[in-house]
Amino acid sequence: KATVSVLYWPFPPNMVRAQLLAAFAGAFLVLLANGPFTKRAPVEVDMSDFRTDSLSAMGGQSEHAAMGVSENKNSQLSTSNKIVVDTSFSTEIRLSACQNADAVVRSKITLWTMLIGEKKDYITSAIKLVKSAKRHSRVEFDAMLLEIAEKPLLDEHKEALRAAGWGVCTVNRLPPPDEEATLPYFRDQFTKFELWKMTELTTIVYLDADTYVVGDITSLLTTNLGDKKIGVGRDFMHGRWARGFNMGVFLIHPNTEDHQLLMKYHSGEIPLRYNKAWSEQAFLNSLWADKWYDIGFEFNANLELYRGLPSFWRSREGNIRIVHYTKKPWKGCMKSVVCAINKLSLT
């Protein structure tokens with residue numbers, strides 16, 4: 001079941017607006033046609049989507065990514081060059097880094113988000129996120145969320161999240177190295193480093209709770225990072241491409257070595273210069289400036305681009321898989337902004 005809800009985009013000229021509304025109507029019909037996520041056998045995956053051979057010296061990026069552009073040339077899986085991916089454990093595995101005994105998974109591939117305290121709007125968004133992800137994957141995965149023990153979720157919120165498909169993993173808060181220098185909104189973000197401790201898993205794809213899946217994410221869930229430390233998309237800020245990456249969507253292969261290294265830098269045992277205001281994003285950009293893999297614009301379609309580079313957005317909107325709501329739907333429309341996007345119903 002699906003309904004039309006809203007999100008904030010810049011108000012376009014009449015002709016463009018008509019084209020956008022027509023596109024949304026088509027997307028809505030496709031959404032209605034898709035059945036709910038069901039249990040699947042191991043999936044065949046196009047090896048060309050792994051794209052580890054397209055990396056260059058600039059931050060591990062492709063030629064397009066070095067200019068802020070990373071295009072998906074494999075939006076449709078062919079019948080050739082495929083492998084079968086085994087994503088499941090034979091039994092449930094408890095995640096040892098989680099404090100709660102019911103933090104268990106059956107898949108080696110997991111989707112994660114983090115929710116802090118009682119932010120109801122993010123609860124609602126996370127529910128819509130997991131439903132959208134399950135409708136747009138052809139490989140099985142478990143969905144887990146980080147709950148900070150010092151800022152627990154309400155029981156009623158956890159009940160709704162579990163009913164939607166999220167499991168809960170409770171961990172202690174990891175404070176920033178310099179609390180006062182970190183922007184208040186980002187002071188809990190270093191807690192994400194707990195994900196590197198989940199060594200029972202082969203792949204973690206983290207999505208901010210203000211993201212929404214609109215296309216097939218199978219190739220992202222099955223990406224092999226090779227010798228890169230993290231899979232991310234290039235950031236876009238203040239109307240221009242940044243040199244670094246955005247942490248709203250990221251992919252890792254959890255391992256003890258990387259976690260121990262992160263904690264040595266976090267503790268100050270090994271000095272690291274970074275913009276402390278921007279928390280873990282700036283920290284990792286400094287640490288892994290040349291060790292990140294570009295997952296592509298299509299897997300982190302930052303709405304800032306719709307405002308700042310509308311021609312870029314329009315030229316690639318047909319390949320978008322994940323929309324990143326950097327302009328929050330629940331904070332009200334700004335001047336010269338129209339709201340229009342398809343979303344899953346909560347029911």
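Remember, it's a predicted structure, so these values are computed and weren't measured experimentally.

### A few points about the packing of aromatic side chains
Evaluation of the coordinates by the stated rule reveals 17 aromatic pairs. Between Phe 186 and Trp 278, the ring centres sit 5.4 Å apart and the planes meet at 35°, which makes this aromatic pair tilted. Note that Phe 186 is positioned in the loop between strand S8 (166–171) and strand S9 (203–207) and Trp 278 in the loop between helix H6 (256–267) and helix H7 (279–287), a separation of 92 residues in sequence. For the ring pair Tyr 306 and Trp 313, a centre distance of 5.3 Å and an interplane angle of 85° mean the geometry is edge-to-face. The pair formed by Tyr 306 and Trp 313 is uniform in burial state, with each residue classed as buried. Here the aromatic residues Phe 190, Phe 193, Trp 196, Tyr 206, Phe 250, Tyr 274, Phe 283 and Trp 288 are joined through ring pairs into a cluster of three or more. In this structure, Lys 276 is placed above the aromatic ring of Tyr 274, and the distance from its NZ or CZ to the ring centre is 5.2 Å.

### Quick word on the sheet that holds strand S15 (residues 322–324)
Sheets are built from strands that pair by backbone hydrogen bonding, the pairs being arranged parallel or antiparallel. Strands sit in the order S10-S15-S14 across an open sheet of three strands; the sheet is mixed. Of all the strands in the sheet, the pair left with one neighbour each is strand S10 (211–213) and strand S14 (301–302). As defined by bridge partners, S10 adjoins S15 across three bridges and the pair is classed as antiparallel. Pairing of Thr 211 across the sheet is with His 324, part of S15.

### A word on the state of the cysteines
Applying the stated criterion across every chain, the model contains one disulfide. Put simply, Cys 98 and Cys 169 are joined by a disulfide, and their sulfur atoms are 2.0 Å apart. Across the S-S bond linking Cys 98 and Cys 169, the dihedral sits near -100°, which makes this disulfide left-handed. With Cys 98 in the loop between strand S4 (88–94) and strand S5 (104–107) and Cys 169 in strand S8, this residue pair connects regions lying 71 residues apart in the sequence. Pair check on accessibility: Cys 98 and Cys 169 agree, each one buried.

### With respect to helix H4 (residues 155–164)
Within H4, the full set of buried residues consists of His 157, Lys 158, Leu 161 and Ala 164. Buried residues of H4, seen end-on, are gathered within an arc of 125° and therefore sit on one face of the element. Of the exposed residues in H4, the ones pointing more than 90 degrees away from its buried face are Asp 155, Glu 156, Glu 159 and Ala 163. Against strand S6 (109–115), helix H3 (120–135), strand S7 (142–148) and S8 lie the buried residues of H4. Positive phi appears at Gly 165, one or two residues downstream of H4, with a value of about 130°.

### Quick look at the sheet that holds strand S12 (residues 240–252)
Strand order in the open sheet formed by seven strands is S8-S7-S6-S9-S12-S11-S13, with mixed pairing between adjacent strands. Strand pairing shows two members of the sheet lacking a second neighbour, S8 and strand S13 (292–294), which therefore form its edges. When strand polarity is set aside, the average angle formed by the axes of neighbouring strands in this sheet is 45°. Pairing geometry for S6 and S9, over four bridges, is parallel.

### Thoughts on unusual backbone geometry
Positive phi is not limited to glycine here, since His 238 has a value of about 55°. A relative accessible area of 72% means that His 238 is categorised as exposed. The phi torsion at Ser 279 lies on the positive side, around 55°, for a residue other than glycine. Among the structural elements, Ser 279 can be located in helix H7.

### Topic: the environment of Lys 151
Locating Lys 151 in the fold gives a position in the loop between S7 and H4. Classification of Lys 151 by relative accessible area gives partly exposed; the value is 32%. The spacing of Lys 151 and Leu 115 is 36 residues in sequence and 9.2 Å in space, taken between C-alpha atoms. The residues touching Lys 151, leaving out its near neighbours within four places in the chain, are Ile 116, Gly 117, Arg 173 and Asp 188.

### As for the environment of Tyr 185
In this structure, Tyr 185 sits in the loop between S8 and S9. For the pair Tyr 185 and Ser 279, spaced 94 residues apart in sequence, the C-alpha to C-alpha distance is 9.5 Å. Looking at Tyr 185, its side chain comes within polar contact range of the side chain of Tyr 122, at 2.5 Å.

### Focus on the packing of H6 against H7
Between H6 and H7, the shortest axis-to-axis distance is 12 Å and the interhelical angle comes to 110°. The angle between the axes of H6 and H7 places the two elements in the roughly perpendicular class. Where H6 crosses over H7, the handedness of that crossing is right-handed. Across the interface between the two elements, Leu 262, Tyr 265 and His 266 of H6 pack against Phe 283, Leu 284 and Leu 287 of H7. Residue composition of the contact of H6 with H7, by class: five nonpolar, one polar and no charged.

What counts, and at which threshold
Residues numbered from 1 in each chain as written. Predicted model: local features only at pLDDT ≥ 70, side-chain atom pairs only at ≥ 80, totals over all residues. Heavy atoms only, no water. Phe/Tyr/Trp six-rings, centres within 6.5 Å; stacked < 30°, edge-to-face > 60°. Helix = DSSP H or I, 4+ residues; strand = E, 2+ residues; numbered from the N terminus. Buried < 20%, exposed > 50% of the residue type's maximum accessible area, 1.4 Å probe, protein only. Lys NZ or Arg CZ within 6 Å of the ring centre and 35° of its normal. Pairing = 2+ DSSP bridges. Disulfide = S-S within 2.5 Å. Arc of directions from axis to C-beta. Contact = heavy atoms within 4.5 Å. Axes fitted to C-alpha atoms, helices over the stretch in contact; angles between N-to-C directions. Polar contact = N/O pair within 3.5 Å; in protein donor to acceptor, adjacent residues only side chain to side chain. Parallel < 35°, antiparallel > 145°, perpendicular 65-115°, else oblique. Left-handed = near helix turned anticlockwise from the far one by under 90°. Nonpolar A, V, L, I, M, F, W, Y, C, P; charged D, E, K, R; others polar.

In short, the description is geometric, and any link to function would need to be established separately.
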